[in-house]
Amino acid sequence: MRAWGLEGLGAWMNRTSGCRRVVLALFALALFATVASADQAAPPSAEKGKRLYAGNACYFCHGTLGQGLGVNGARIGPPSRAVAGFIAYVRRPTGAMPAFTDRILPDADLADIYAFLRTMPTAKAAKDIPLLGPLKGK
Amino acid sequence: MSGAAAGAAAFVSTPLAAQAPAQGQPAAAPPEAVYTTDRPGSDFMVDLIKSLGFEYAAANPGGSFRALHESLVNYGGNRMPELLTCCHEESSVAMAHGYAKIEGKPMLVMAHGTVGLQHASMAIYNAYADRVPVYIVLGNILDAGWRRNDVEWTHAVQDAAAMVRDCIKWDDTPVSLGHFAESAVRAYKIAMTPPMGPVVLVADGPMQEEAIPMADRPRLRVPKLTPTTPPAGDSAAVAELARLLVAADNPAIIAGRAARTPQGLTRLVELAELLQAPVQDGKQFVQRMNFPSRHPLRGGNVAEADLVLGLEMPDFFQQIHTLTPINRLGMESRRQTRPGTKIVTISSHELLSNSNYQDFGRYTEADLAIVADAEATLPSLIEACRRLITPDRRRLFDARGRRLAEASQAVRDLNIEQAAWGWDASPISTARMAAELWNLIKDEDWSLVSDTTFVNHWPLKLWDLTKHYHYIGWSGAYGIGYGAPAAVGAALANKKHGRLSVNIQCDGDLNYAPGVLWTAAHHRIPLLTVMHNNRAYHQERMFVADMAARANRDVSRSNIGNELADPFIDYASLAKAYGMFGVGPIENPNDLGPALKRALDVVKRGEPALVDVVTQPR
């Protein structure tokens, strides 16, 4: 859908006349308010993202925490790229990952998944894990 | 009377001798035949089997080899070989497969020539593709007049080995005991000659059960077994390879089934250290324990190499090309090596290729292809290289070795940092599972008797593998159902050495023939089985998810037909039902170490034990 900026709305009103202009302006403002509210109505939800992450098989390759499963799938939790880059990659991945189109996962759903992945913990340093620390340097 | 009915009546009519009573005498009922023999043919078969040094005979019992079975336990005393009671013929063969990978020699397997072999066939294909010797004796009643009932007709076959002939190395159907003797020894010799493989010998029912004719007894003898020396590389080709290796600035060695024996590992380390050349395993599957996991020369980069040497690497093409992802059908594989990089192979693969099964992989365009057993060729290659190394090359090699050691250490440290991701996750990460296991076994004389592909090779990344028996490699042909029985067979081989056998067991694999757990319990085979219970046929689940995404359809439905859920399978109870210790399901990673410790204590007492761990997908 085309974005409606305030400048575009003003220019359009200048080309219209009289009370018709008022009616159309009110209509346009109402429409603008609706679109704006729709844009702002659904901030990304980590909770919803968690369900979508599980339901769309993301954990098959990336693990339930997005921690990565070696050659099967890279670590994505927490994500290392911005949401736009994350969505762009899901649409046109490289390597073995299949592309997920917006028919399967709309941008809003991917934003929710991204929000979920941002809540995932980072790893402790291996030296701070008693079973791993002694293995370093060997 | 129709012709067919007349024929049937003739078939059941009284023998002519009984139809003619002696003159003047009333017709008497013929005496009941009481059939005994002091020396059935199967006794002589046992003499042959004993001469070949089999320790064990794995079998699910079957009527077509009942005489051989009886001779083994009574005439043979159930020793050398000892019978192993198996619940499925696939288990029998896969046990033999795992056993051979530790012991370096075949186990005897007995099965019906029809239904038993049908069960066994996938496991035979695994062993064939993995170039592992398995010695299979099939029972069959070839003589139609000998078959007593419907079962013996339905279990009889004209050509028993035909079903698996494309995935075995050799077979024969002897028609006399003398013939059986030669073929029994020949079969062993062929199975054990690299490239090794399964062999099939058909033991005819009447030949097993009938008494050895008196006239034959003095003539029957056990032929002498002369082990065959493995085929080593042609001396001129080896000299050329040595010249290329010593001249190379950045050689890379990729080892597949290179180390058949502990000597193979020692020789490969010697070659690598002489040249200061890196050694790596294949990309996807680790075929054998070829090289120590923490050796400073483990690693290397094919893309930077000016010479790549493949040693017994099946589908070598894949090792020097990028893989085509499943969701990029039709994409051309891209060669990873630089232009001008020399490609050299030493492989016995060409010495055992059948047309039907395509385990030979894509054709590799090599600059030099030495058709020989790699392990047998390494000594002459090492000597040839040693003679060519000048002080200048030695200095270059030493500098290269220092660089490789740093890179190898960096990779190992990176692996350890990566193991920390998801450390406290539930389901439990496979890295955590491997680390918890290592913590308990690192001071034992241990042996990993399972493949590591499905757990991201974490044991190979975290554990200190130095000995040939530290890892048995994968199945050979990805025939699922191999894991549990191969582990039991390998653990049996480890038993007499007092080694602690550890099996990281995939849930899907165990469910093909879980009765092998009973075999382990019954025969007191010490084996620690740790379930990698991701509650799915996970590889297939990923494939179906890929297909759903490609088709723009519901990815969530890829669980259908692939999940092992609703209900979850209780593997601890399964183990207990088969008479062994079981604990789990373990879902909290903090509970894992104590559960493994309890199970390990059981195994140290000489029994099998199972820990069910609910894990991440991989």
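Scoring rules and cut-offs
- Residues numbered from 1 in each chain as written.
- Chains lettered and ligands numbered in written order.
- Predicted model: local features only at pLDDT ≥ 70, side-chain atom pairs only at ≥ 80, totals over all residues.
- Heavy atoms only, no water.
- Helix = DSSP H or I, 4+ residues; strand = E, 2+ residues; numbered from the N terminus.
- Buried < 20%, exposed > 50% of the residue type's maximum accessible area, 1.4 Å probe, protein only.
- Contact = heavy atoms within 4.5 Å.
- Areas by Shrake-Rupley, 256 points an atom, 1.4 Å probe, with all protein chains shown as cover.
- Rg over C-alpha atoms; globule rule 2.2 N^0.38 Å.
- Axes fitted to C-alpha atoms, helices over the stretch in contact; angles between N-to-C directions.
- Parallel < 35°, antiparallel > 145°, perpendicular 65-115°, else oblique.
- Left-handed = near helix turned anticlockwise from the far one by under 90°.
- Nonpolar A, V, L, I, M, F, W, Y, C, P; charged D, E, K, R; others polar.
- Buried area = accessible area lost by both parts, 1.4 Å probe.
- Salt bridge = Lys/Arg side-chain N within 4 Å of Asp/Glu carboxyl O.
- Polar contact = N/O pair within 3.5 Å; in protein donor to acceptor, adjacent residues only side chain to side chain.
- Pairing = 2+ DSSP bridges.
- Domains from an automatic or database assignment.
- 1 Å grid on protein atoms, 1.4 Å probe; cavity = no way out; pocket = protein on both sides within 12 Å on 5 of 7 lines; lining within 4 Å.
- Points joined across faces, edges and corners; volume = space filled by probe spheres on them.
- Expected span 1.5 Å × (residues − 1).
- pLDDT = per-residue confidence, 0-100.

Chemist: Hey, could you run me through the overall build of chain A in this one?
Modeler: Along the backbone of chain A there are six helices and zero strands. For chain A, the sequential pattern of α-helices and β-strands runs α-α-α-α-α-α. Among the 138 residues that make up chain A, the fraction classed as buried is 34%. A separation of at least 24 residues holds for 49% of the contacts in chain A among residues at least 6 apart in sequence. Accessible surface, chain A: about 8,400 Å² in total, of which carbon and sulfur atoms supply 61%.

Chemist: Looking at this structure, how should I read the overall build of chain B?
Modeler: Of the regular secondary structure elements, chain B holds 22 helices and 16 strands. Since a compact globule built from 618 residues should have a radius of gyration of about 25 Å, the 28 Å found for chain B is in line with a globular shape. A principal-axis box enclosing the C-alpha atoms of chain B has dimensions of 110 × 60 × 50 Å. Evaluated residue by residue, chain B yields a buried proportion of 56% over its 618 residues. When contacts within chain B are restricted to residue pairs at least 6 apart in sequence, those whose partners lie at least 24 apart make up 81%. For chain B, the exposed surface amounts to about 25,500 Å²; the carbon and sulfur share of it is 54%.

Chemist: Mind showing me how you'd approach the packing of helix H5 (residues 89-103) of chain B against helix H17 (residues 483-495) of chain B here?
Modeler: The packing of two helices is summarised by the inter-axis angle and the distance between the axes. Residue and element names in this part refer to chain B. One can describe the packing of H5 onto H17 by two numbers: an axis separation of 6 Å at closest approach and a directional angle of 45 degrees. Put simply, H5 runs oblique to H17. The element H5 and its partner H17 pack so that their crossing is right-handed. Of H17, the residues touching H5 (which contributes Ser91, Ala94, Met95, Gly98, Tyr99, Ile102 and Glu103) are Pro485, Ala486, Val488, Gly489, Ala490, Ala493 and Asn494. Of the residues that constitute the contact of H5 with H17, the class distribution is nine nonpolar, four polar and one charged.

Chemist: Looking at this model, I keep getting lost on the interface of chain B and chain A. Mind explaining?
Modeler: Often the size quoted for an interface is simply the accessible area lost on bringing the parts together. Counting residues at the interface gives 39 residues for chain B, matched by 41 residues for chain A. Across the interface of chain B and chain A, roughly 3,300 Å² is buried in total on both sides, 61% from carbon and sulfur atoms. Three residues, Ile416, Trp421 and Asn552 of chain B, lead the burial of chain B against chain A; their summed loss comes to 22% of the area buried on that side. Taken together, the connections running from chain B to chain A amount to one salt bridge. For Glu417 of chain B, the salt bridge is made with Lys136 of chain A, and the minimal N-O distance between the two is 2.7 Å. Our count for the chain B to chain A interface comes out at twelve residue pairs in polar contact (both at pLDDT 80 or more). Only helix H14 (391-419), helix H15 (430-441) and helix H20 (538-550) of chain B provide two or more residues apiece to the side of chain B that touches chain A. For the side of chain B that touches chain A, the element with the highest residue contribution is H20 of chain B, accounting for seven residues.

Chemist: What should I look at first to understand the sheet that holds strand E1 (residues 56-59) of chain B in this one?
Modeler: In any sheet, the strands associate via hydrogen bonds between backbone groups, in a parallel or an antiparallel arrangement. All names here are of chain B. Strand order across the open sheet formed by six strands is E2-E1-E3-E4-E6-E5, with parallel pairing between neighbours. Because the sheet does not close on itself, it has two edges, and the strands there are strand E2 (82-85) and strand E5 (170-172). Ignoring strand direction, the axes of neighbouring strands in this sheet form an average angle of 25 degrees. As judged from the four bridges shared by E1 and E2, these two strands associate in the parallel manner. Residue pairing across strands places Ala59 opposite Thr85, the latter belonging to E2.

Chemist: Whenever I open this one, the domain arrangement of chain B confuses me. Can you help?
Modeler: All names here are of chain B. One can read the domain layout of chain B as domain 1 (41-219), domain 2 (235-392) and domain 3 (420-614). The C-alpha centroid of domain 2 is placed 36 Å from the C-alpha centroid of domain 1. Taken together, the 15 residues of domain 1 in the interface contact 15 residues of domain 2. Looking only at domain 1, the three residues that lose the most surface to domain 2 are Arg131, Asp166 and Pro195, adding up to 39% of its buried area. At the boundary of domain 1 with domain 2, the tally comes to two salt bridges. As a salt-bridge pair, Asp359 and Arg131 come within 3.4 Å of each other at their nearest N and O atoms.

Chemist: How should the environment of Ile124 of chain B be read in this particular structure?
Modeler: All names here are of chain B. Counting through the fold element by element, Ile124 comes out in helix H6 (residues 115-129). Along the chain, Ile124 and Ala513 lie 389 residues apart, while their C-alpha atoms are 15 Å from each other. When neighbours within four sequence positions are excluded, Ile124 is seen to be in contact with Val93, Leu117, Ile136, Val164, Cys167, Ile168 and Pro198.

Chemist: Would you mind going over the layout of surface pockets with me for this structure?
Modeler: Space left empty within the atom packing is revealed by a probe, the size of a water molecule, rolled over the atoms. Residue and element names in this part refer to chain B. If you add up the space inside the second largest pocket, you get close to 620 Å³. What lines the second largest pocket is a set of 36 residues, and nearest its centre among them are Ala100, Gly104, Met196, Arg260 and Thr261. Elements with a contribution of two residues or more to the lining of the second largest pocket: H5 and helix H8 (177-192). The leading source of residues in the lining of the second largest pocket is H5, at four residues. Taken together, the residues of the lining of the second largest pocket break down into 16 nonpolar, seven polar and 13 charged.

Chemist: Looking at this structure, how should I read empty space enclosed by the protein?
Modeler: Residues and elements named next belong to chain B. Evaluated as defined, the whole model comprises two cavities of 30 Å³ or more. Looking at the largest cavity, its volume works out to about 60 Å³. Lining the largest cavity we find Asp281, Val286, Arg288, Met289, Asn290, Phe291, Pro292, Ser293, Arg298, Leu460, Leu465 and Tyr471. Split by domain, the lining of the largest cavity shows at least three residues from each of two domains, domain 2 (235-392) and domain 3 (420-614).

Chemist: So what exactly am I meant to see when it comes to unusual backbone geometry here?
Modeler: Negative phi characterises most residues that are not glycine, and trans characterises most peptide bonds. Residue and element names in this part refer to chain B. With omega at 0 degrees, the peptide bond leading from Ser426 into Pro427 counts as cis. Asp566 connects to Pro567 through a cis peptide bond whose omega is 5 degrees. Its place among the elements puts Pro567 in the loop between H20 and helix H21 (571-577). A positive phi is found at Met80, a non-glycine position, where the angle reads about 45 degrees. Note that Met80 resides in the loop between helix H4 (66-75) and E2. For Arg524, which is not glycine, the phi torsion reads 55 degrees and is therefore positive.

Chemist: What's the story with the pairing of strand E11 (residues 368-371) of chain B in this structure? I'm lost.
Modeler: All names here are of chain B. Covered by surrounding structure in E11 are Leu368 and Ile370 only, the residues Ala369 and Val371 on the alternate face being uncovered. Where strand E10 (residues 342-347) meets E11, four bridges bridge the pair, whose relative direction is parallel. Bridging across to E11, Ser347 finds its partner in Val371.

Chemist: Help me out: how do you make sense of helix H22 (residues 589-604) of chain B in this one?
Modeler: In an α-helix, one turn spans 3.6 residues; hence positions three or four apart end up facing the same way. Residue and element names in this part refer to chain B. Here H22 is 16 residues long and its end C-alpha atoms lie 23 Å apart, about the 22 Å a rise of 1.5 Å per residue gives. Every buried residue belonging to H22 is among Pro589, Leu592, Gly593, Ala595, Leu596, Ala599, Leu600, Val602 and Val603, and all of these are buried. Its buried side turned inward, H22 meets H15, strand E13 (500-506), strand E14 (527-533), strand E15 (581-586) and strand E16 (608-614). Looking at where H22 begins, the residue whose side-chain oxygen comes 2.8 Å from the main-chain nitrogen of Asn590 is Asn588. Directly after H22, the chain includes Gly606, whose backbone phi takes a positive value near 100 degrees.

Chemist: Sorry if this is basic, but what is going on with the confidence of the model for chain B here?
Modeler: In low-pLDDT segments, the atomic positions of the prediction should not be examined closely. When pLDDT is averaged along chain B, the result is 93, and 93% of the positions lie at 70 or above. Across residues 1-21 of chain B, where pLDDT falls below 50, the model places three contacts with residues more than four positions away in sequence or in other chains.

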